[in-house]
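# A look at the structure
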Amino acid sequence: MPSLAYNFPYICIFIAMISAILLSVSNSAKLSYYVTVGVAAVCAVLSFIFLVTVVRDDASFAFTMGKFPAPFGNEIKGGPLQGLLAAVFSVVMVMALLGGKTELFEDVDEKKMGLACVMLNMVLASLLVLTYTNDAFTAYVFIEISTIAACALVMIKDSGPTLVATIRYLFMSLLGSGLFLFSVIILYAITGHLLMPQLKESVEALMANGNYRMPLVLCLAMMTAGLGIKAAMFPFHRWLPDAHGTATTTSSAVLSGLVLKGYAVLMILMFCRVFTLDTVRAFHINDVVFTFGFLGMIMGSVKAIREHHAKRMLAYSSVAQLGYVFMGIGLGTEAGIAAACFQIIAHAFTKPLLFISVGRLASTTHHDKQLSALRGSAWNAPLAGIGFGVGALSMVGIPLFGGFAAKVNFATASIGDTEKIFLTLLVLAISSVLNALYYIPALIGLWSDRKPEARHAEKDTHCAVALVCLIAGIIFLGVGFSPIMDVIVQGIRLL
């Protein structure tokens, strides 16, 4: 008899969506906030229990949503990889909410807090659906929901720059969504299916017979481009710095740490569960993704070096770090996919830590986030200074931190590819040096001579809890990455 825990993916999605609906009529800012934190915490606990259960059972299963079975009904599919990602996303959502609480209440009108929490819950629900979905059209629906919610989170600060950034983000996101929708339409036209298992069977049959080869190439290319635009893959990243640089701390942490990852996860699912890696390699789509990945690693870091605004620097850094993910996907092997998944997890912990730390440090400089204004601010907010240091060292790739473990995994994954091993190792080395060129000076600046006119940060227990938990997560990923990789490999095998 299936375990009760097998129902938890559906329950997590359900409570996130129901809470979003109910909070739309809430007039209490604090109630809305704490309900949102509570929902994310419950999802984290249930996802962890589900993860332990499926890892123990070595299981992966489909869960029918609604009355009608496949191929008419909707399905979600759960396994070790999905459970791990869902648990990580939920935990990071809790930390982003706790770490950015003070700034969130300062930047958002009290009467609009309920609506802000609606969007945060919809982002969480969308992430869970994109992780668990077994249906291509459902994925598209929640891509759109995630887009609308993310745009609302960018402009929730309600200022001129955030409005401009939101419009730019919306246009680029709609382009990405449109490309994904067109690819789903083509898939349905030539296969007659929307559920991923049936799509996979049809695609394999078409590849074996040599039929509809050009539509399949076009479909795969459009889907890759669409999800690449959504996930800020180079060169489709131009909307990212403005969106993250102007948003409030919680929004920046959620957008960079979570929202972008949902689209990368969906790309992995479509590559592995629908088209198969053999088809992706046959059409050389993985080579294109690999190229964009290592270019993003280099160009994102170059842009970050030239940036003087802390949050925009972190935004360009996200372009570089997501380049690692696409490079791993571009290797076109299960080992590369596993390394990309670990990087998704490591970056999900690291980037919110950096954004929360910058937000906390800026509170001592009248919210001036220029790197020059933040010099010496770590002395007035020591925990935030330590948090930025841990995040920065992880990004550079210093041992004992999650970023180093991710780079080791990428190097290991490239060993079996004689064509790409040299380029992979070279780009890893170059990107590490480039990361150091902007993170290390910024870190030194934060701990430079204390400015006499700077004020001490006010006590913020919620932020302290978030910083400590994220720091602990990054260190755990750096020290104990082997069991995490075992779960990821197990999950990919059961996709």
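Thresholds applied
- Residues numbered from 1 in each chain as written.
- Predicted model: local features only at pLDDT ≥ 70, side-chain atom pairs only at ≥ 80, totals over all residues.
- Heavy atoms only, no water.
- Helix = DSSP H or I, 4+ residues; strand = E, 2+ residues; numbered from the N terminus.
- Rg over C-alpha atoms; globule rule 2.2 N^0.38 Å.
- Contact = heavy atoms within 4.5 Å.
- Areas by Shrake-Rupley, 256 points an atom, 1.4 Å probe, with all protein chains shown as cover.
- Lys, Arg positive; Asp, Glu negative; His and termini not counted.
- Charge placed at Lys NZ, Arg CZ, Asp CG, Glu CD.
- Patch = residues over 30% accessible without salt bridge, like charges linked within 9 Å, V, L, I, M, F, W, Y side chains within 5 Å.
- Salt bridge = Lys/Arg side-chain N within 4 Å of Asp/Glu carboxyl O.
- Buried < 20%, exposed > 50% of the residue type's maximum accessible area, 1.4 Å probe, protein only.
- Axes fitted to C-alpha atoms, helices over the stretch in contact; angles between N-to-C directions.
- Parallel < 35°, antiparallel > 145°, perpendicular 65-115°, else oblique.
- Left-handed = near helix turned anticlockwise from the far one by under 90°.
- Expected span 1.5 Å × (residues − 1).
- Arc of directions from axis to C-beta.
- Phe/Tyr/Trp six-rings, centres within 6.5 Å; stacked < 30°, edge-to-face > 60°.
- Lys NZ or Arg CZ within 6 Å of the ring centre and 35° of its normal.
- Nonpolar A, V, L, I, M, F, W, Y, C, P; charged D, E, K, R; others polar.
- pLDDT = per-residue confidence, 0-100.
- Polar contact = N/O pair within 3.5 Å; in protein donor to acceptor, adjacent residues only side chain to side chain.

### Observations regarding the overall build of the protein
Helices and strands together make up the secondary structure of the protein, namely 19 helices and two strands. For 495 residues, the compact-globule estimate of 2.2 N^0.38 gives 23 Å, and the C-alpha radius of gyration of the protein, at 21 Å, lies within 12% of that figure. Sequence-distant contacts in the protein: of pairs separated by 6 or more residues, those separated by 24 or more amount to 82%. Summed over all atoms, the accessible surface of the protein reaches about 18,200 Å², with 69% contributed by carbon and sulfur. For the protein, the distance from the average position of its 31 positive side-chain charges to the average position of its 26 negative side-chain charges is 4 Å.

### Details of a nonpolar patch on the surface
Together, Y10, F14, I18, I21 and L22 make up a nonpolar patch on the protein surface, roughly 480 Å² of accessible area in all. Note on placement: Y10 falls in helix α1 (residues 8–23).

### Observations concerning the environment of M270
Among the secondary structure elements, M270 is positioned in helix α11 (residues 249–282). The spacing of M270 and N134 is 136 residues in sequence and 9.7 Å in space, taken between C-alpha atoms. If near-sequence neighbours (up to four positions away) are discounted, M270 is found in contact with A136, M196, M223 and F275.

### Structural notes on the pattern of salt bridges
Pairs can form between side chains of opposite charge once their charged atoms are near each other. A full pass over the atoms with the stated rule returns six salt bridges. Residue D57 is joined to R56 by a salt bridge in which the shortest nitrogen-to-oxygen separation is 3.0 Å. Owing to a relative accessible area of 35%, D57 belongs among the partly exposed residues under this scheme.

### Points about the packing of α1 against helix α5 (residues 113–132)
Contact geometry for α1 and α5: axes closest at 8 Å, N-to-C directions at 160°. Comparing the axis directions of α1 and α5 gives the class roughly antiparallel. Between α1 and α5 the crossing geometry is left-handed. Facing P9, C12, I13, A16, M17, S19, A20 and L23 of α1, the residues of α5 in contact are G114, C117, V118, N121, M122, A125, L128, V129 and Y132.

### Considerations on helix α18 (residues 461–479)
The end-to-end C-alpha separation of α18 is 27 Å, in line with the 27 Å expected for 19 residues at 1.5 Å each. Listed in full, the buried residues belonging to α18 are C463, A466, L467, L470, I471, G473, I474, L477 and G478. Projected down its long axis, α18 shows its buried positions confined to an angular sector of 160°, all on one face. The inward-facing, buried residues of α18 abut α3 (80–99), α14 (334–362), α15 (382–396), α16 (402–414) and α19 (481–493).

### A short note on the environment of S177
Counting through the fold element by element, S177 comes out in helix α7 (residues 160–191). Taking the relative accessible area as the measure of exposure, S177 reaches 1% and is therefore buried. Each C-alpha atom, one on S177 and one on V141, is 9.4 Å from the other, the two residues being 36 residues apart in sequence. Not counting the four nearest positions on each side in its chain, S177 is found in contact with Y140, I143, E144, T147 and K230.

### Side note on the packing of aromatic side chains
One pass over the full model with this rule turns up 14 aromatic pairs. Judged by centre distance (6.3 Å) and plane angle (75°), the rings of F342 and F481 are edge-to-face. In this pair, F342 is assigned in helix α14 and F481 in helix α19, connecting sequence segments 139 residues apart. A relative accessible area of 0% places F342 in the buried class. Judged by relative accessible area, F481 falls into the partly exposed class, the value being 24%. Each ring, one from Y438 and one from Y439, has its centre 4.7 Å from the other, and the planes form 35°; the classification is tilted. Exposure remark for Y438: the relative accessible area of 3% places this residue in the buried category. When its relative accessible area of 0% is taken as the criterion, Y439 is described as buried. Ring pairing ties together the aromatic residues Y6, F50, F61 and Y132, which thus form one cluster. Note that K420 overlies the ring of F290, its terminal NZ or CZ placed 4.9 Å from the centroid.

### Let's talk about the packing of helix α12 (residues 285–305) against helix α13 (residues 310–330)
Between α12 and α13, the shortest axis-to-axis distance is 7 Å and the interhelical angle comes to 160°. As far as their axial angle goes, α13 and α12 are roughly antiparallel. Between α12 and α13 lies a crossing whose hand is left-handed. Mapping the contact onto sequence places N286, D287, V289, F290, G293, G296, M297, G300, S301, K303 and A304 in α12 and M313, Y316, S317, V319, A320, G323, Y324, F326, M327, I329 and G330 in α13. Tallied by class, residues from the contact of α12 with α13 come to 12 nonpolar, eight polar and two charged.

### What about helix α9 (residues 213–230)?
Here α9 spans 26 Å end to end across 18 residues, near enough to the 26 Å set by a 1.5 Å rise per residue. Taken residue by residue, α9 has L216, C219, L220, M222, M223, T224, G226, L227, G228, I229 and K230 as its buried positions. Following α9 by one or two positions, A232 adopts a phi angle in the positive range, close to 60°.

### Topic: the confidence of the model for the protein
Considering every residue of the protein, the mean pLDDT works out to 87; 95% of them sit at 70 or more. Averaged pLDDT values for the elements of the protein fall to 73 in helix α10 (residues 240–246) and rise to 94 in α3.

### Regarding the environment of S32
Relative to the helices and strands, S32 resides in helix α2 (residues 29–57). For S32, a relative accessible area of 0% gives the class buried. Counting along the chain gives 85 residues from S32 to C117, while the straight-line C-alpha distance between them is 6.2 Å. Setting aside residues no more than four positions away along its own chain, S32 makes contact with L23, S26, M113, G114 and C117. Side-chain polar atoms of S32 contact the backbone oxygen of S28, separated by 2.9 Å.

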